[in-house]
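Close look at the chain arrangement
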Amino acid sequence: MAGEQRLFIQSINPSTHTMEKVSPVPTDARWSLYEATLPELEAAMQQWGEPSFRARQLYRHLYSRLTSDIQAMTDLPGSLRARLLEETQAGGLRVVRERRTDDGQTRKALMALPDGVMIETVLMVYPERATVCVSTQAGCGIGCVFCATGQAGLRRNLSSGEIVEQVVWAARQVRAISLERSSHLNVVFMGMGEPFANYERWWDAVKRLHDPQGFNLSARKMTVSTVGLVPGIRRLSQESLPINLAISLHAPDDALRDTLIPINRRYPLAAVLEAARDYTERTGRRVSLEYVLLQGRNDHPDQARALAQRLRSLAVAGHALLFHVNLIPWNPVPGSALSRPERQRVLRFQQVLQEHQIACTVRVERGGEIAAACGQLAGVPGNKSA
Ligand code: SAH
Ligand code: SF4
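In this text the structure is predicted, and so the values were computed from the model without any measurement. (Residues numbered from 1 in each chain as written. Chains lettered and ligands numbered in written order. Predicted model: local features only at pLDDT ≥ 70, side-chain atom pairs only at ≥ 80, totals over all residues. Heavy atoms only, no water.)

Overview of the environment of W48
- Within the fold, W48 resides in the loop between α2 (38–47) and α3 (53–63).
- Overall, W48 belongs to the buried group, its relative accessible area being 12%.
- Leave out the neighbours within four places in its chain, and W48 touches W31, L80, R83, L84, E87 and T88. (Helix = DSSP H or I, 4+ residues; strand = E, 2+ residues; numbered from the N terminus. Buried < 20%, exposed > 50% of the residue type's maximum accessible area, 1.4 Å probe, protein only. Contact = heavy atoms within 4.5 Å.)

Laid out in structure tokens, this is it:
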């Protein structure tokens, strides 16, 4: 029996057992149901001598009813529930602390993974919709100077199940607030970590969230943000699901970008922009370019002009430029010497871009009071920012 179980674990998600050098493997010996695709659950049921429709029932509980309490799945026979309880778990993430602001419309959850590593997930509820900002890694190894997540380095990659479960947590919350809004949930992979540094597991999570037989989230409701890992951008352009792409730029030239994002030395601006342009050409989809505004570093009108000219030079003759710039006034990070530009300076930067016919918006932030805004997620329970 133990051999059988081992076999099954391997077929479910070998990646959770090869967590790379950065981390220990989660300690719970039971496998997580959130790691499995429907065919994998069907194979498991078959191995256990159960009819395969049991897998569909289980899948419905996990992704339509959003239940992770195996005991409450009373349409499953008692013997099956007992075995599931013994050998599996359906809730590897434990909410250790939840902070709320905006009248409960913005919520940040500090979650403990089975091995004790902490991550954060942020939910923002709006009148017509909700957005959940999901982590793809515990920490981040890129080390951008302006980002709280980058300061502590990388603890480990998240498994696909751990990424999926954050969305399930959010969907449960939204459903409790408003059934209607729960059908308008957007997922942005902009929490802790660099999604393209954990591409396989992250993409497995995207596919599972999209699965029409399960959570059934449209690809258009998912957005990934990358610091500019060129191989990831190219890989995404080949994928079948048309999710949205955002790329973090933050500077109009390499000399400046080198000082903000260490990985720019490996993937300089020209390579990132070329990959972005190829992506728009190949997919016909618009790409957002994120630009965090830092007082006195990258927020001068001349820098806006340089950025606009650089972007305009990428336009393919006869085609509209499929870029949209998203300006993000920097959110304070404890201990940082950087500062956030004044509103007027932000608007001036935007105006210069617009004068050069570059579509541009300023991101409206939420959650600054509970350190839940972009770049403030640290995943440290005792930390002021958590
Ligand atoms: N690693 C990915 C996604 C997570 S960060 C990336 O870097 O794109 C999501 C966005 O928040 C990025 O655009 C990032 O540059 C931005 N960000 C990071 N720290 C920030 C801060 N302190 N204030 C405002 N935005 C920040
Ligand atoms: Fe990592 Fe993105 Fe933060 Fe940079 S901005 S350290 S890539 S999470």
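There's plenty left to go through after this.
Digging into the nonpolar core
- In this structure, F146, F189, W202, L236, I243, L311 and L353 are the most contacted members of the largest nonpolar core, which totals 120 residues.
- At eight residues, the largest contribution of residues to this core is made by helix α6 (residues 160–177).
- Two domains each provide a minimum of three residues to this core, namely domain 1 (35–88) and domain 2 (94–370).
- When near neighbours in sequence (up to four residues on either side) are disregarded, L311 contacts L249, L273, L289, L321, F323, V325 and I358. (Core = buried A, V, L, I, M, F, W, Y, C linked by side-chain atoms within 4.5 Å. Domains from an automatic or database assignment.)

A look at α2
- For α2, the full list of buried residues reads L38, E40, L41, A44 and M45. All buried residues of α2 lie within an arc of 160° about the axis, which places them on one face of the element. Across from the buried face of α2, at angles greater than 90 degrees, the exposed residues are P39 and Q46.
- Note on α2: the residue one or two positions beyond its end, G49, has a positive phi of about 75°. (Arc of directions from axis to C-beta.)

A word on the layout of surface pockets
- Space inside the largest pocket adds up to approximately 760 Å³.
- Surrounding the largest pocket, 30 residues form its lining, T131, V188, M190, N326 and R363 being those nearest its centre.
- Of all elements in the fold, only β6 (130–133), β9 (185–189), β11 (244–248), β12 (287–293), β13 (323–329) and β14 (360–362) reach the threshold of two or more residues within the lining of the largest pocket.
- For the lining of the largest pocket, the class distribution of residues is 14 nonpolar, eight polar and eight charged. (1 Å grid on protein atoms, 1.4 Å probe; cavity = no way out; pocket = protein on both sides within 12 Å on 5 of 7 lines; lining within 4 Å. Points joined across faces, edges and corners; volume = space filled by probe spheres on them. Nonpolar A, V, L, I, M, F, W, Y, C, P; charged D, E, K, R; others polar.)

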